[in-house]
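# Chain and residue survey
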Amino acid sequence: MEAVDRQAAPGRLELVREFVNTYDAGTLQEELDSPEQLRLWLIGHGLLADERPVSGPELERALSAREALRDLILASNRRMPGSDALETLNRLGKEASLTVRFEQDGSSELEPAVPGVNGAIGRMLAIVYASMVDGTWSRLKACEACEWAYYDRSKNRSRTWCSMDTCGSRNKARAYRRRRRTHG
Ligand SMILES: [Zn+2]
């Protein structure tokens, strides 16, 4: 994997990228394989303040949010988002009671009106919303080979792999073999 800072998204969007990457489709590694691990992850990322245990259904909800977000990222790269993903995200936003909140410094933000895991998911959806508004969302991509989420800082937004060293070169080798087969 390439140096993390070369993949990192700006500001709070990095948190969403890290959340999506808690499952690595390349190595099939699942970071959130228990409610306790989800709880620690959310606390570690400042998304959960209370120390109550996380339940099984809450873990399931968080994982469905994560996979819907992955779908949304894949969609913004190259295809329409599945309606399942959109339904999931819209439902989760509703369950978090996302509400607009105006601040004294003249800014405004979407904030979940509920605590716990629902609220934590809501916070991530609010980050995605803000990122769609400020235009950074379109640079958040998922690798064509392994679906690892990375932020595309290339000038012409043309990056398609998490890393040239791993997925990029593997893909080039595959394309080369394909060409050789077709041309005898
Ligand atoms: Zn990759």
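For every chain, the first residue of the written sequence is number 1, and numbering continues from 1 along that sequence. Local features in this predicted model are restricted to residues whose pLDDT is 70 or higher, and side-chain atom pairs enter the listing and the counts only when it is 80 or higher, whereas totals over whole chains, interfaces and linings include all residues. Side-chain descriptors were evaluated using all non-hydrogen atoms of the structure, hydrogens and water having been removed beforehand.

Scored by pLDDT, the protein has a mean of 89; 90% of the residues are at 70 or more. Per-element averaging of pLDDT across the protein places helix α6 (residues 164-182) at the bottom with 72 and helix α1 (residues 13-20) at the top with 97. Confidence per residue, as judged by the predictor, is encoded in pLDDT with a range of 0 to 100. In this text, helices come from DSSP runs of H or I with a minimum length of four residues, and strands from runs of E with a minimum of two, each type numbered from the N-terminal end.

The description of an aromatic ring pair rests on the distance of the ring centres and on the angle between the ring planes. Ring pairs shown here join Phe, Tyr and Trp side chains whose ring centres sit within 6.5 Å, with only the six-membered ring taken for Trp; geometry is labelled stacked below 30 degrees between planes, edge-to-face above 60, and tilted in between. Under the defined criterion, the tally for this structure stands at 1 aromatic pair. With a centroid separation of 5.4 Å and 50 degrees between ring planes, the pair formed by F19 and W41 is classed as tilted. In this pair, F19 sits in helix α1 while W41 sits in helix α2 (residues 35-44), placing the two residues 22 residues apart along the sequence.

Before going further, it helps to examine the packing of helix α4 (residues 83-95) against helix α5 (residues 116-134). An axis is simply a line fitted to the C-alpha atoms; with a helix, the fit covers only the stretch in contact. Between two such axes, the angle follows the N-to-C directions and lies from 0 to 180 degrees. Relative to each other, α4 and α5 sit at 120 degrees, their axes nearing to 8 Å. Judged on the interaxial angle alone, α5 and α4 are oblique. Our pair here, α4 against α5, has a crossing hand that is left-handed. Only N118, I121 and L125 of α5 make contact with α4, whose side of the interface consists of L89, L92, G93 and E95. Every angle not falling under 35 degrees, over 145, or within 65 to 115 is termed oblique; those three ranges are roughly parallel, roughly antiparallel and roughly perpendicular. Whether a crossing is left-handed or right-handed is set by the direction in which the near helix is turned from the far one by less than a right angle, anticlockwise for left-handed and clockwise for right-handed. Contacts are residue-level and defined by heavy atoms, with any inter-residue pair within 4.5 Å sufficient.

What follows is about the coordination of the zinc ion. Looking at the zinc ion, the protein donor atoms are C143 (SG), C146 (SG), C162 (SG) and C167 (SG), and they sit 2.3 to 2.4 Å from it. Each metal's donors comprise the N, O and S atoms found within 2.8 Å of it (within 3.2 Å for Na, K or Ca). Water is not part of the atom list, so some coordination spheres may appear incomplete. Under this scheme a four-donor centre is tetrahedral when all angles range from 85 to 135 degrees, a four-donor centre is square planar and a six-donor centre octahedral when opposite donors are above 155 degrees with the rest from 65 to 115, and any other centre is irregular. For the zinc ion, the 4 donor atoms in the first shell make angles of 106 to 116 degrees at the metal, a pattern classed as tetrahedral. Counting along the primary sequence, the residues that act as donors to the zinc ion give the motif C-x2-C-x15-C-x4-C. Remark: C167 occurs in helix α6 and C146 occurs in the loop between β5 (140-142) and β6 (149-151); sequence separation between them is 21 residues. With respect to burial, C146 and C167 carry one shared label: buried. Exposure classes here rest on a 1.4 Å probe applied to the protein chains alone. A residue is buried below 20% of its type maximum, exposed above 50%, and partly exposed in between.

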